[in-house]
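Chain by chain, the residues:
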Amino acid sequence: MLVPFDQAIAHLRVDAGGDDGLVALYLGAAEQSATDYLNRQVFADQASLDAAVVAATAGANPMVVNFAVQAAILLTLGHLYANREDVVTGASVAQLPLGARSLLRPHRILPGL
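J.: When you look at the pattern of salt bridges in this model, what are you seeing that I'm missing?
T.: It is possible for side chains bearing opposite charge to pair when their charged atoms get close. If you walk through the whole model with that rule in mind, you get 1 salt bridge. The salt bridge partner of Arg84 is Asp19, with a shortest N-O separation of 3.8 Å. One end of the pair, Arg84, is in the loop between α4 (67–82) and α5 (100–104); the other, Asp19, is in the loop between α1 (5–12) and α2 (20–38), with 65 residues separating them in the sequence. With relative accessibility at 29%, the residue Asp19 sits in the partly exposed group.

J.: Any chance you could explain the packing of α2 against α4 here in plain terms?
T.: Between two packed helices, what matters for the description is the angle formed by their axes and the separation of those axes. Here α2 crosses α4 at 130 degrees, and the two axes come no closer than 8 Å. Judged by the inter-axis angle, α2 sits oblique to α4. The hand of the α2/α4 crossing is right-handed. Counted together, Leu22, Val23, Tyr26, Leu27, Ala29, Ala30, Glu31, Ala34 and Leu38 of α2 and Val69, Ile73, Thr76, Leu77, Leu80 and Tyr81 of α4 form the full contact between these two elements. Looking at side-chain class alone, the contact of α2 with α4 contains 13 nonpolar, 1 polar and 1 charged residues.

J.: How do you make sense of the nonpolar core when you look at a structure like this?
T.: General note: in soluble globular proteins, nonpolar side chains tend to be found buried as a group. Grouped together as the largest cluster of nonpolar side chains are 23 residues, with contacts concentrated most on Val23, Leu27, Val42, Val69, Ile73, Leu77 and Leu104. Contributions of two or more residues to this core are made by α1, α2, α4 and α5. With 7 residues, the single largest contributor to this core is α2. Residues in contact with Val69, not counting those within four places in the same chain, are Leu38, Met63, Leu104 and His107.

Criteria and cut-off values
- Residues numbered from 1 in each chain as written.
- Predicted model: local features only at pLDDT ≥ 70, side-chain atom pairs only at ≥ 80, totals over all residues.
- Heavy atoms only, no water.
- Salt bridge = Lys/Arg side-chain N within 4 Å of Asp/Glu carboxyl O.
- Helix = DSSP H or I, 4+ residues; strand = E, 2+ residues; numbered from the N terminus.
- Buried < 20%, exposed > 50% of the residue type's maximum accessible area, 1.4 Å probe, protein only.
- Axes fitted to C-alpha atoms, helices over the stretch in contact; angles between N-to-C directions.
- Parallel < 35°, antiparallel > 145°, perpendicular 65-115°, else oblique.
- Left-handed = near helix turned anticlockwise from the far one by under 90°.
- Contact = heavy atoms within 4.5 Å.
- Nonpolar A, V, L, I, M, F, W, Y, C, P; charged D, E, K, R; others polar.
- Core = buried A, V, L, I, M, F, W, Y, C linked by side-chain atoms within 4.5 Å.

Structure, rendered in structure tokens:
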């Protein structure tokens, strides 16, 4: 995991145990969304990256997770947890200027480059 589960629980301000399965699902989805957008594999630590390089499974341009990627994952997790439906009614919505994509963009590998 790129973000520790206890950090995800703290970010959501929920008690551990009640929604653990749901939080784990959304955390996995948020991490996958971030790595899909980055177009590269992201590893939890340098040892994991080194092991993947030795095993030739690291892919092109692998990286170790950094604070910006973790923050983007947490922002996405919070959105998924708070908005459990495709449509929100009766709410004013505005995208944050420093949202998840803004945090991920400097680390993104553009397809074909």
